[in-house]
Every structure is written in structure tokens, then in C-alpha cells.
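Chain and residue survey
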Amino acid sequence: MSRSAHPAGPRHADVLTEGHYSAPPADLNRLDPKVWSRTVERSGDGELTVGGLEVSRLAEEFGTPAYFLDEADFRSRCRAWAGAFGPDADVFYAGKAFLSRAVVRWLHEEGLNLDVCSGTELATALDAGMPAERIAFHGNNKSEAEIRRAVEAGVGRIVLDSFQEIVRVAHIARELGTVQKAFIRVTVGVEAHTHEFIATAHEDQKFGIALADGQAAEAVRRALKLDGLELIGIHSHIGSQIFDMAGFEVSARRVVQLLAEVRDEHGVELPEIDLGGGLGIAYTSDDDPAEPHEIAKALTEIVTRECDAAGLRVPRISVEPGRAIVGPTAFTLYEVGTIKPLEGLRTYVSVDGGMSDNIRTALYDAEYSVSLVSRTSAAEPMLVRVVGKHCESGDIVVRDAFLPADLAPGDLIAVPATGAYCRSMASNYNHALRPPVVAVRDGSARVIVRRETEEDLLRLDVG
Ligand code: LLP
């Protein structure tokens, strides 16, 4: 899949990839459970309900666009991940996918740990009561203030990302009279996206320290010497939206090789290994993600096999799924504003949001599905492109999909699987007010992140 940045301007549409869509689905009214959150269904009169609540009522109460997050589904996915890995492993939810105080409390209650990658994510986690020892602090350029805050709070691990940071964290920990538990993030020369991965000796990217040329081994050497650090493991994250376990296999093999080198050189067996996140979800009916228990089994087997071969004790495994937990649990609800049929091409359906609430289509050429949710329809399918209201022709929410031909302004349509990296990457482009996140559970709905207001925006503009 292309990840190119699109040139802006009048020819924009010419450079978009074509043919993402397959044939229209047999039943346009069907809500495929693969892409919708678990409590979503159609009511007797054809409306989509989530947690037992009809979307027309939700739209009336909370407005559109809005993200609706299925709390029961979120919690059950947390339990599935924690249960799949069991007590001898750790699941860290990657907060970058979507973080709020309510989410932190759910994670805490369901026994998950949390990965944060900024001082403000850390502040959110601590404010909502996540015990510091269950927090991992990531980032390729943590400021000294952020490091100090994390060490002072007593975070369970800091993932060291560079030679400078090894020294910085050790220094700050020593100043604060403590010893900080740490991982070293290595780049293993694996890049994985969806059904493909590439394994190379080197990796050209900003994160971590390369295994190549003995750099990671040198980082371990330095970290082991510093008083302020207790090096407990090696971390590797290979990419996003991954379905193919082969990338993890190569990554685990290379990390275990490093653990063996460390043992041979220093007589130390590092007790932990973190394989990062990146597990894929279904955005459309064509995607087939594995279940958490299958992933846990595969990863545990891979690490065990590699350690057996190297004569190492099997380290404690951590994983950091973000998208796979929150992604499938939310949908974005929009109201249809205008409908423009372009003869011989497709029909443009404009909604009241757009690239400000979902940048992923424009940024990554991401694919989504969409359904008419305020009613069912017996009309023929029409090929549509769902677009937003921003002043940019690349403002596309769903590139190619089918909606019923009797779609009309005022209808509600919804895009499923928007729980990850949509609200967290939302912007104020064109001074859009970022939509609320509404948690729905057992017949009740409550705002967990409120809609931005004009006053919120104007308050930042100090004139
Ligand atoms: N751990 C580390 C160290 C990461 O860098 C990431 C994601 C994760 C875990 C969680 O990955 P997940 O399981 O959510 O795929 N904005 C992009 C995704 C960027 C992911 C960055 N790191 C998107 O919308 O697809």
C-alpha cells in the first residue's frame, strides 16, 4: 500500500490510487462484526445501536461528528489481552492510540499496564491514578524535565532510545538518589506493515539503537556501568497494523541473539524482553486479524524457541498493543450534508467532519468502511467517496465505499474502527472543533472527552 505524501492542488485527485474497492457487499445493511464494536447491532426499526442506545438519540444528545466508544468492548479486549499472555507476561496499552482519564481508569481496573511517550501522557496517567510502577516511558527525545518527572514519579521502566539518553537518565536518577529500571530500545532491521515485512541488516529511522555494527551491544555495555540505571531488558517495536508474525520472529531472534551476547560478555542474563505493539485490526471486511490468544501463543513460542537455541532462560515478555485494544471499540458518527453525483465517476458524500477528526486516510492512504446507520435501505448500492468539509481536496474520510443510492442529507453515517489514532491525531485545521469522545455502556452514555468549543480555541489566541 502506498504511503506517499500527496501533492496538494487541483490535480490532487489524479494521483490518488484507484481500485481499492471490491464489488458492493451483498447486503448493504449488514454491520460486519469484524469491523464494528461488539455491542453494535441494528434495532428492530433498522437503526444502529451501541450499548443498547440508538444513534439518532446519541446524535441528538451529543451532536455530530462524535466518536462513540464501546466501554464493554474496550474492557473485554483488555481482559482478552491480559488473559492471553497470563501472569508471567505484561501487557502495556500504548496510550498514543487514544488516552483519556477514563481509559486510564479502565486499564487500571482491568489489570493492564500503560505505555506513555510524553510528559503530558504521563501526567494524564498519573492524574487518573495509574500506579507509576505500571507505566513505561517511551520517546526518542524525552526532555530532561520529562525524564525527571518520570523518575520522580517512580515509573516502572524508562525505555532508553539513544546513547545520550542512557547518560541523561542515569544522571537524573543519581541526582534524585534512586536507581531507574530501564530497557534499551534497539532497531532490529525489521520493518513490518500489514501483510509484508522487510528484514535488513540496517534500519534508517529515528528510533532506538541499531543492533547492527555492535551499537546496541555498546549501549548495553555503557548502561550496565552506570549507577543510576538498572538495565532489565531489551525493547523492539517493528511497525504498525501487522498481520504477519514472521516480522516478530526475525525481531525476537535478533533480540535474543543480543541477550546471548550480553550473557557471554558480562555474565548477566537480562530478565525481560519487550516486543512492542503493532498488531493489526480489521478496518474493512477484507482484514483478518488473529485473536490475542493466538498472538500470545505465537510470540511466546518464538521467544521460547530462540532462547532454547541460545541456552538462555526465557525472559519475561512484554507487548504494547494500542490499536488492537482501542481501534475496534469506537466509530465516528457523521451527518450527511451534501451529495454530489459525478457522472461516470462516483458520488461525493460530504460529512460534517473530515481530515480534522480522521487524518489517517489522507496521511497513510488508510482504508475504512462506512454504513448508513440511522435507517436501513433497500436501494441499490452506489459507489461513494466520503469527504469532509475542509478546504482541501485530499480531505477524504473513506476513499471508496458503497452506500445506498437513496442516501439523503440529514442521514447519519458511521465509520467503524476509528478508536485508534483518530481522536489522538485530531487537529483544529480550519479551526475545526475537535469532536467529543462518548463512552457508551449498558444503556447509558457519557462524555469522557468533551467537544471543543469556540471559547476553547479563542482562549489560546491571545490577540
Ligand atoms: N509501542 C511502541 C514503541 C510504539 O511506537 C507504538 C506505536 C506502539 C507500541 C503501538 O502500536 P499499535 O499497537 O497501536 O500499532 N499513527 C499511526 C500509528 C503510529 C504508531 C506509532 N507507534 C497510525 O495511525 O497508523
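Residues numbered from 1 in each chain as written. Predicted model: local features only at pLDDT ≥ 70, side-chain atom pairs only at ≥ 80, totals over all residues. Heavy atoms only, no water.

Some remarks on the overall build of the protein
Within the protein, the regular secondary structure consists of twelve helices and 24 strands. The C-alpha atoms of the protein give 23 Å as radius of gyration, which agrees with the globular expectation for 463 residues (23 Å, within 12%). Its C-alpha atoms put the protein at 70 × 45 × 45 Å along the principal axes. The buried share of the protein, taken over its 463 residues, is 54%. Long-range pairs, those at least 24 residues apart, make up 70% of the contacts in the protein with a sequence separation of at least 6. (Helix = DSSP H or I, 4+ residues; strand = E, 2+ residues; numbered from the N terminus. Rg over C-alpha atoms; globule rule 2.2 N^0.38 Å. Buried < 20%, exposed > 50% of the residue type's maximum accessible area, 1.4 Å probe, protein only. Contact = heavy atoms within 4.5 Å.)

Here's the deal with the sheet that holds strand β14 (residues 239-242)
Hydrogen bonds between backbone atoms are what pair the strands of a sheet, whose relative direction is either parallel or antiparallel. A sheet is described by the order of its strands in space; here three strands give the open sequence β11-β10-β14, paired in mixed fashion. The sheet terminates laterally at β11 (196-199) and β14, the two strands that pair on one side only. Each neighbouring strand pair of the sheet contributes to a mean axis angle of 20°, computed without reference to strand direction. (Pairing = 2+ DSSP bridges. Axes fitted to C-alpha atoms, helices over the stretch in contact; angles between N-to-C directions.)

Concerning the domain arrangement of the protein
Often, the extent of an interface is quoted as the loss of accessible area on bringing the components together. In terms of domains, the protein is made up of domain 1 (41-70 + 328-457) and domain 2 (71-326). Between the C-alpha centres of domain 1 and domain 2 there is a distance of 33 Å. Opposite the 22 residues of domain 1 that make contact, domain 2 presents 20 residues. Note on domain 1 versus domain 2: buried area summed over both sides is about 1,900 Å², and carbon and sulfur give 59% of it. Of all residues in domain 1, P328, Y421 and R441 bury the most surface against domain 2, accounting for 29% of the area lost on that side. Counting across the interface, domain 1 meets domain 2 through one salt bridge. (Domains from an automatic or database assignment. Buried area = accessible area lost by both parts, 1.4 Å probe. Salt bridge = Lys/Arg side-chain N within 4 Å of Asp/Glu carboxyl O.)

A short note on the sheet that holds strand β3 (residues 53-54)
The antiparallel open sheet is built from three strands, whose spatial order is β1-β2-β3. Looking along the sheet, the strands with just one partner apiece sit at the ends: β1 (41-42) and β3. Summarising the sheet, β1 and strand β2 (residues 48-50) pair through two bridges and their orientation is antiparallel. Bridge pairing in β2 links R42 to L48.

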